[in-house]
Amino acid sequence: MRWRAPQPIDQRIDELTADARHRVRAGEVEAAWERLGDAHVLSQPWARSHLRVHGSMLGVGWRTRDAGEIAGQLFRLLVAVPGSLTGRYPAGNSGRSDVSAFAPVPVREDLADVLANADAEPAAEVLEPSEVRSLYDRLAPVYDLLSSPYGWFGSKGLAEQAIEELRLQPGDTVVDLGTGTGRNLPKLAAAVGQAGTVVGVDLSPGMLERARRRVSAVGSNNVELIEADMAAFDLPSGTDAVVSSYAMEMLPDYDEVIARLAEQLPPGGRIAVNGLRDPERWPEWVVRVGSALSRPFGVSEAYRSLRPWEAIDAHAIDVVYEEAWAGAVYLAAGSAPGQRSGEDVE
Ligand SMILES: C[S@@+](CC[C@H](N)C(=O)[O-])C[C@H]1O[C@@H](n2cnc3c(N)ncnc32)[C@H](O)[C@@H]1O
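Parameters at a glance
Residues numbered from 1 in each chain as written. Predicted model: local features only at pLDDT ≥ 70, side-chain atom pairs only at ≥ 80, totals over all residues. Heavy atoms only, no water. Helix = DSSP H or I, 4+ residues; strand = E, 2+ residues; numbered from the N terminus. Contact = heavy atoms within 4.5 Å. Buried < 20%, exposed > 50% of the residue type's maximum accessible area, 1.4 Å probe, protein only. Right-handed = clockwise from strand over helix to strand, strands pointing away. Pairing = 2+ DSSP bridges. Core = buried A, V, L, I, M, F, W, Y, C linked by side-chain atoms within 4.5 Å. Near = heavy atom within 4 Å. Polar contact = N/O pair within 3.5 Å; in protein donor to acceptor, adjacent residues only side chain to side chain. Areas by Shrake-Rupley, 256 points an atom, 1.4 Å probe, with all protein chains shown as cover. Nonpolar A, V, L, I, M, F, W, Y, C, P; charged D, E, K, R; others polar. Axes fitted to C-alpha atoms, helices over the stretch in contact; angles between N-to-C directions. Parallel < 35°, antiparallel > 145°, perpendicular 65-115°, else oblique. Left-handed = near helix turned anticlockwise from the far one by under 90°. Salt bridge = Lys/Arg side-chain N within 4 Å of Asp/Glu carboxyl O.

Engineer: Where do I start with the side chain of Thr17 in this structure?
Structural biologist: In this structure, Thr17 sits in helix 1 (residues 7-25). Discounting residues that sit within four places of it in the chain, Thr17 has contacts with Leu36, Ala39 and Ser56.

Engineer: Hey, could you run me through the pairing of strand 2 (residues 197-202) in this one?
Structural biologist: Taken residue by residue, a regular strand's side chains alternate between the two faces of the sheet. Within strand 2, five of the six residues are buried, which leaves the element mostly enclosed by the surrounding structure. The parallel pair strand 1 (residues 173-177) and strand 2, bridged by helix 8 (residues 185-192), forms a crossover whose chirality is right-handed. As paired strands, strand 2 and strand 3 (residues 223-227) are joined by five bridges and run parallel to one another. Among the inter-strand pairings, Asp202 is bridged to a residue of strand 3, identified as Glu227. Handedness of the crossover is the feature at issue here: the chain leaves strand 2, passes through helix 9 (residues 205-218), returns alongside strand 3, and the resulting connection is right-handed.

Engineer: Even after reading the chapter, I still don't get the nonpolar core, so can you show me in this structure?
Structural biologist: Judged by nonpolar contacts, the single largest core of 62 residues is most densely connected at Tyr136, Leu177, Leu188 and Met248. In terms of residues, this core owes the most to one element, helix 6 (residues 129-152), which gives seven residues. Counting 19 residues, the second-largest nonpolar core is a separate cluster that includes Ala5, Leu36, Val41 and Met57.

Engineer: What should I look at first to understand the site of the ligand in this one?
Structural biologist: The ligand sits among 19 residues. The nearest are Tyr143, Gly178, Asp202, Asp229 and Ser245. Interatomic distance of 3.3 Å between a side-chain N/O atom of Arg183 and an oxygen atom of the ligand. Protein contact buries 96% of the 590 Å² of open area that the ligand shows by itself. The leading source of residues in the shell around the ligand is helix 6, at three residues. Here the residues of the shell around the ligand are counted per class, giving 11 nonpolar, five polar and three charged.

Engineer: Even after reading the chapter, I still don't get the packing of helix 2 (residues 29-43) against helix 3 (residues 47-63), so can you show me in this structure?
Structural biologist: In helix packing, the relevant descriptors are the interaxial angle and the interaxial distance, both defined with respect to the helix axes. Following both chains from N to C, one finds helix 2 and helix 3 inclined at 160°, their axes separated by 8 Å at the closest point. Considering the angle they form, helix 2 stands roughly antiparallel to helix 3. The two elements helix 2 and helix 3 meet at a crossing, and its hand is left-handed. Here helix 2 contributes Trp33, Leu36, Gly37, Ala39, His40 and Ser43 to the contact with helix 3, which in turn contributes Ser49, His50, Val53, His54, Ser56, Met57, Val60 and Gly61. Across the contact of helix 2 with helix 3, the residue classes tally to six nonpolar, eight polar and no charged.

Engineer: Just to check I follow, could you spell out the pattern of salt bridges for this structure?
Structural biologist: Going through the model one piece at a time under the given rule, you end up with 22 salt bridges. The residue Asp19 makes a salt bridge to Arg23 at a minimum N-O spacing of 3.3 Å. Placement of the pair is Asp19 and Arg23 together in helix 1, with a separation of four residues, close to one helical turn. Across the pair Lys187 and Glu160 runs a salt bridge whose closest N-O atoms are separated by 3.5 Å. Of the two residues, Lys187 is situated in helix 8 and Glu160 in helix 7 (residues 155-164); the sequence distance between them amounts to 27 residues.

Engineer: Help me understand the environment of Arg210 in this model?
Structural biologist: You can see Arg210 is positioned in helix 9. Taking C-alpha positions, Arg210 is 41 Å from Ile13, a pair spaced 197 residues apart along the chain. Residues contacting Arg210, with those up to four places away along its chain left out, are Ala140, Pro141 and Thr181.

Engineer: What should I look at first to understand the sheet that holds strand 6 (residues 317-324) in this one?
Structural biologist: Backbone hydrogen bonds are what pair the strands of a sheet, in a parallel or an antiparallel way. As summarised here, the arrangement of the seven strands in space is 3-2-1-4-5-7-6, forming an open sheet in which the pairing is mixed. The sheet is open, and its two borders are formed by strand 3 and strand 6, each paired with just one other strand. Across the sheet, the mean angle from the axis of one strand to that of its neighbour is 15°, orientation sign disregarded. Strand contacts of helix 9: strand 2 and strand 3, with the helix running at about 175° to strand 3, the strand carrying the most contacts.

So, in structure tokens, the structure goes:
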């Protein structure tokens, strides 16, 4: 997700805006605008950086009591973020109100070189487990509220279908990996009944605390919550099924993890994974906006290459695959084969 410019460009933008402030104080207003124009050209591909440059421009307009510039910058503050996120910004434009906010201009060679080097920067990395933990600990109090719009658009239906795909029986033991605030837990608890057991696993104590409150509010007393990294989590013996909703795609080692889960389940034991996926049928600019909306949950462009449903296909049999939102959310479920694929029977 193009939110903040790579460090060297961000630093250059900071230097230019600091120099502009200094020049305004020294009465060199035109020189200040030149610095800000360069900072603007460098910032355009990144929403946050772009917004900050227009904020600095508004500041200069205000200091110089330039009403046209103040009005122009207020408008540009509104269009900067959508422009960067969708990639529809006028490249090379100085960002001042004396030029159209929509007219591209040839990018000066020195600035074009800086931008070309930025494209060579490595892509954003996926989060380390400690980063996931602290992000979700912070998110825990607002997670249900923030994520509720996903439910309105059908992701909830797919998560419920994932639970149905587990084909649970009373008395079963089921594990929910990346259980979060425990959305799946009441349904799982009801499906396995009092004689069964539900185990919710998550890295984040803050999310687990919310899950604990949820299960006690609905009176499910057959649920156990465990703080653990699902990448290294071994299924308790006797586990009949595993589900993971909107969590497996945060795991770079998903293939290894799903292979191990399929080995640890008894033959025919079900595994169901659902979550967000790179929507191949969406226009790129819509993907970027969607990616921006998922950013509070730690999902960046780096996650676009993670494809847990392929691991279900590779390590399970009797596979079911469904999509919603024109391919932006998926459900993949299958049964443990009970024998490693490729092993010969003597
Ligand atoms: C987007 S939330 C989904 C929560 C819940 N399953 C739901 O559908 O609402 C992702 C959850 O996965 C957890 N998570 C991410 N990586 C994890 C890991 N390696 N081990 C355990 N939990 C993890 C996060 O802490 C977070 O609670």
